[in-house]
Amino acid sequence: MTIAHLRLDHINMDFPTPNGSFRALENVNMVINKGEFISIIGHSGCGKSTVLNIVAGLLKATEGGVVLDGTEVDKPGPERAVIFQNHSLLPWLTAYENVELATNEVFKIPNWKVRLMSKEELESQSHKPKKNKAEMRDWIERNLALVHMEHAMDKRPDEISGGMKQRVGIARALAMQPDILLMDEPFGALDALTRAHMQESLMEIHADLKNTVIMITHDVDEAVLLSDKIVMMSNGPAATIGEILEVNLERPRDRIALAQDPAFNHYRHQVLEFLYARQRNPAQIEEEKRAGGNPGAASVQTKDQPQEAQSPATHKLQVVA
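S.K.: Can you help me understand the environment of Ser227 in this one?
M.R.: Within the secondary structure, Ser227 sits in the loop between α8 (220–226) and β9 (229–233). Along the primary structure Ser227 and Leu249 are separated by 22 residues, whereas in three dimensions their C-alpha atoms are 9.0 Å apart. Setting aside residues up to four positions removed in sequence, Ser227 forms contacts with Phe37, Ile38, Ser39, Val247, Arg251 and Arg253. At 2.6 Å, the side chain of Ser227 forms a polar contact with the side chain of Ser39. At 2.6 Å, the side chain of Ser227 forms a polar contact with the backbone oxygen of Ala223.

S.K.: Quick question: what am I supposed to make of helix α7 (residues 192–209) here?
M.R.: A rise of 1.5 Å per residue sets the reference length of α7, with its 18 residues, at 26 Å; its end C-alpha atoms lie 26 Å apart and thus fit the reference within 8%. Among all positions of α7, only Arg195, Ala196, Met198, Gln199, Ser201, Leu202, Met203, Ile205 and His206 are buried. The backbone nitrogen of Leu193 lies 3.2 Å from a side-chain oxygen of the residue at the head of α7, namely Asp191. Just downstream of α7 lies Lys210, where phi reads positive at about 60°.

S.K.: Any chance you could explain the side chain of Lys48 here in plain terms?
M.R.: Turning to its location among the elements, Lys48 is positioned in helix α1 (residues 48–56). Not counting the four nearest positions on each side in its chain, Lys48 is found in contact with Ile40, Ile41, Gly42, His43, Ile216, His218 and Met233.

S.K.: How should I be thinking about the sheet that holds strand β5 (residues 71–72) in this particular structure?
M.R.: Hydrogen bonds along the backbone pair up the strands of a sheet, which may run parallel or antiparallel. Taken in spatial order, the four strands of this open sheet run β2-β1-β4-β5, and their pairing is antiparallel. Looking at the sheet topology across the chains shown, the edges are occupied by β2 (20–32) and β5. With two bridges joining them, strand β4 (residues 63–68) and β5 adopt antiparallel strand pairing. For Val67, the partnering residue across the bridge sits in β5 and is Glu72. Relative to strand β1 (residues 6–17), α1 is tilted by about 115°, and along the sheet it contacts β1, β2 and β4.

Conventions and cut-offs
Residues numbered from 1 in each chain as written. Predicted model: local features only at pLDDT ≥ 70, side-chain atom pairs only at ≥ 80, totals over all residues. Heavy atoms only, no water. Helix = DSSP H or I, 4+ residues; strand = E, 2+ residues; numbered from the N terminus. Contact = heavy atoms within 4.5 Å. Polar contact = N/O pair within 3.5 Å; in protein donor to acceptor, adjacent residues only side chain to side chain. Expected span 1.5 Å × (residues − 1). Buried < 20%, exposed > 50% of the residue type's maximum accessible area, 1.4 Å probe, protein only. Pairing = 2+ DSSP bridges. Axes fitted to C-alpha atoms, helices over the stretch in contact; angles between N-to-C directions.

Quick look at the structure:
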């Protein structure tokens with residue numbers, strides 16, 4: 001019997017509030033195969049980040065749980081690297097040193113830490129061969145090169161742009177050699193052009209390393225461009241997986257060619273139909289009711305210019321948060 005790479009099994013998540021328990025997630029089930037690129041999309045408040053945090057081991061589900069390669073996930077671990085929207089780099093360290101910090105955590109265990117670790121914790125690290133000083137430098141430089149940041153490895157965060165900071169954050173996560181890359185709207189704070197470049201880099205990295213990737217996004221086009229499957233969440237409270245869309249587009253993918261591809265536009269339409277016809281933003285509906293508008297009209301957020309004025313290569317469509 002084949003063991004699933006990653007299984008989310010009957011997850012319920014409750015949070016305490018002054019008015020009693022609030023159910024954020026209900027009966028979330030999903031099986032993810034090794035090497036798949038999964039996007040999770042949905043309106044604000046539907047529990048996307050909660051799902052990601054449970055997989056990361058940062059939150060423990062009230063009921064159900066996560067199983068990775070046959071082992072229950074009950075705490076954070078280096079086999080699951082998290083990349084947040086904020087790069088979270090240490091400002092006094094260079095790009096190289098920020099990546100080195102994560103590399104040391106996985107490939108070099110100090111003697112003082114060995115003395116504090118249990119036998120089980122030491123065994124969990126054993127599948128990562130330790131590296132000597134020269135090997136560590138080569139490994140750090142290789143991961144910076146993967147995100148095209150080898151030229152700026154000696155610069156501190158205040159000396160590089162926002163997109164470059166996020167590249168270093170991705171290199172730091174990749175340097176841990178994780179089985180799963182967890183990305184919480186990693187490009188949400190970037191301008192449209194930088195975001196497109198980062199998407200291209202992410203596709204190159206995924207093709208090269210074949211990591212399993214789970215990414216939260218509000219961008220419909222980004223989800224279709226990058227994903228093997230798009231997980232569409234229902235509205236909360238008690239949010240769950242409403243639908244999983246398989247994206248059968250050949251790789252490598254070219255955004256310009258896909259802009260005119262009927263299959264790409266079909267997938268895009270399916271996501272939009274789910275979000276705006278079947279799972280409309282509750283806050284938007286209430287606002288329309290108060291304004292006396294048409295609650296059936298869908299609102300689309302575009303970047304920088306009206307939709308009709310944008311080129312197919314740069315058009316961005318996002319879920320209104």
